[in-house]
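# Chains, contacts and geometry: an overview
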Amino acid sequence: MEKIRYAIAGSSGRMGRTLIEAVQQDAGAVLAAALEHESSPFLGKDAGELVGAPCGVRITADLDAALAVADCLIDFTRPEGTLEHLAACRRHKVSLVIGTTGFSAQGKRAIEEAAREIPVVFAPNMAVGVNAVFRLLDVAARILNEGYDIEVIEAHHRHKVDAPSGTALRMGELVAAALGRDLSECAVYGREGHTGERPATQIGFSTIRGGDIVGDHTVLFAGAGERIEITHKSASRMPYALGALRAGRFMSGHERGLFDMQDVLGLR
Ligand SMILES: NC(=O)C1=CN([C@@H]2O[C@H](COP(=O)(O)OP(=O)(O)OC[C@H]3O[C@@H](n4cnc5c(N)ncnc54)[C@H](OP(=O)(O)O)[C@@H]3O)[C@@H](O)[C@H]2O)C=CC1
Ligand SMILES: O=C(O)C1=N[C@H](C(=O)O)C[C@H](O)C1
């Protein structure tokens, strides 16, 4: 099996470090390049040192040089960084795994457009368990399609910058689609003051931020006399990183196209 050469963007971040560790432990992968933005204090440092295992790959801001030696770029950064990396991947014909969340509609369109030329896996949550939950939610929503109020509750660490999480939004989209609702018309993001009674078709989102919570998501179906909760809790970032490497391998069989983890896991 030929090793996949990965470049990792945001390599000194929480996910960047976990990805370096995951690549180092994967016999089918090699760390070809580690990227950071121009003003990062980590430029020039050995990427492996960030996870206690020096590997000779220096952290760089030279995107073109990094992509010249990579088959796949894995990006868990910020939307503005990802969009810059997307354009470079397009130039270099390098596949791209996008884990970053919080894109505008315009950003999402740019990703769709680039995927006409290169393979892109774009998913708000790369963990296998969360993707299993996505399927369970579709089934639950179709069964509990009347008389159940739906609320999505998510909790993350204090450093997270976007809300609700990309995963919570995807959960809302999936449930709304299963019920034939348009999320943009029925979503409510937090409540305060005299809100009035809850409309039956509303899908509510609640966000908790604190400490080092890796990522918890619950979808609550609250009926009369019973309630159903479907919950996923992350205790580590490694499942996200392993999912990203799986996505990278998946794309080695594709010339172009936009995929998500449901495609990678064969769940469509
Ligand atoms: N899809 C999934 O499975 C998952 C998605 N995520 C998402 O991944 C993203 C990153 O999360 P996390 O690792 O916790 O965040 P961190 O802040 O820990 O890491 C982000 C990294 O990207 C760098 N960065 C920031 N802005 C830019 C830019 N414009 N260009 C290039 N690099 C940049 C940061 O550098 P600096 O620190 O110097 O600013 C940092 O090294 C978030 O959007 C999060 O929601 C997270 C986990 C799982
Ligand atoms: O920022 C995080 O940490 C996470 N972000 C993703 C999201 O927004 O859904 C995935 C996971 O929940 C961790």
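Predicted model, so just to flag it, every value in this text is computed and none were measured.

What counts as what
- Residue numbering note: each chain is counted from 1, following its sequence as written.
- Throughout, the order in which chains and ligands are written sets their labels, letters from A for the former and numbers from 1 for the latter.
- This being a predicted model, a pLDDT of at least 70 is required before a residue's local features are given, and a value of 80 or more before pairs of side-chain atoms are given or counted; all residues contribute to the totals for chains, interfaces and linings.
- Here is the check we use: build the C-beta atom from the backbone, and if it is within 6 Å of the molecule or strand, call the residue near.
- Strands here are runs of E lasting at least two residues and helices are runs of H or I lasting at least four, both read from the DSSP assignment and numbered beginning at the N terminus.
- Any residue that is not Ala, Val, Leu, Ile, Met, Phe, Trp, Tyr, Cys, Pro, Asp, Glu, Lys or Arg is counted as polar, Gly included; the first ten are nonpolar and the last four charged.
- Multiplying one less than the number of residues by 1.5 Å gives the expected span of a helix.
- Counting other C-beta atoms within 10 Å of a residue's own tells you its class, since 20 or more makes it buried, 12 or fewer makes it exposed, and anything in between is partly exposed; those C-beta atoms are placed from the backbone.
- Contact between residues is assigned whenever the C-beta positions, reconstructed from backbone atoms, fall within 7 Å.
- Here, a nonpolar core denotes buried Ala, Val, Leu, Ile, Met, Phe, Trp, Tyr and Cys residues that are linked to one another through C-beta atoms within 7 Å.
- The start and end points of each domain follow an automatic or database-based domain assignment.

## As for the site of ligand 1
- Residues in contact with ligand 1 amount to 25 residues; listed here are only the nearest, Gly10, Gly13, Met15, Gly81 and Gly99.
- Listed by contribution, the elements that provide at least two residues to the shell around ligand 1 are helix H1 (14–25) and helix H3 (79–92).
- Within the shell around ligand 1, the residues separate by chemical class into seven nonpolar, 14 polar and four charged.

## Digging into H1
- Relative to the 16 Å expected for twelve residues at 1.5 Å per residue, H1 spans 17 Å between its end C-alpha atoms, a close match to the ideal helical length.
- Residues Met15, Gly16, Thr18, Leu19, Ile20, Ala22 and Val23 constitute the buried set of H1.
- Buried residues in H1 make contact with strand S1 (4–9), strand S2 (29–35), strand S4 (72–75) and helix H8 (238–251).

## Examining the nonpolar core
- Tyr6, Ala7, Ile8, Ala70, Leu73 and Val121 are the most contacted members of the largest nonpolar core, which has 71 residues in total.
- Considering every element that reaches this core, the biggest residue donor is H8, with seven residues.
- Domain assignment of the residues forming this core places at least three in each of domain 1 (4–126 + 237–265) and domain 2 (128–234).
- In contact with Ala70, not counting residues within four places along its chain, are Arg5, Tyr6, Ala7, Ala32, Ala33 and Val94.

## Remarks on the domain arrangement of the protein
- Assigned domains of the protein: these are domain 1 (4–126 + 237–265) and domain 2 (128–234).
- On the side of domain 2, 13 residues touch domain 1, which itself brings ten residues to the contact.
- Among the elements of the structure, H8 and helix H9 (261–264) are those that each provide at least two residues to the side of domain 1 that touches domain 2.
- Of the residues that constitute the side of domain 1 that touches domain 2, the class distribution is four nonpolar, five polar and one charged.

## What about the site of ligand 2?
- Taken together, Thr101, Pro124, Asn125, His156, Lys160, Ser165, Gly166, Thr167 and Gly215 are the residues near ligand 2.
- Considering only residue class, the shell around ligand 2 consists of one nonpolar, seven polar and one charged.
- Structurally, the shell around ligand 2 is a two-domain feature, drawing no fewer than three residues from each of domain 1 (4–126 + 237–265) and domain 2 (128–234).

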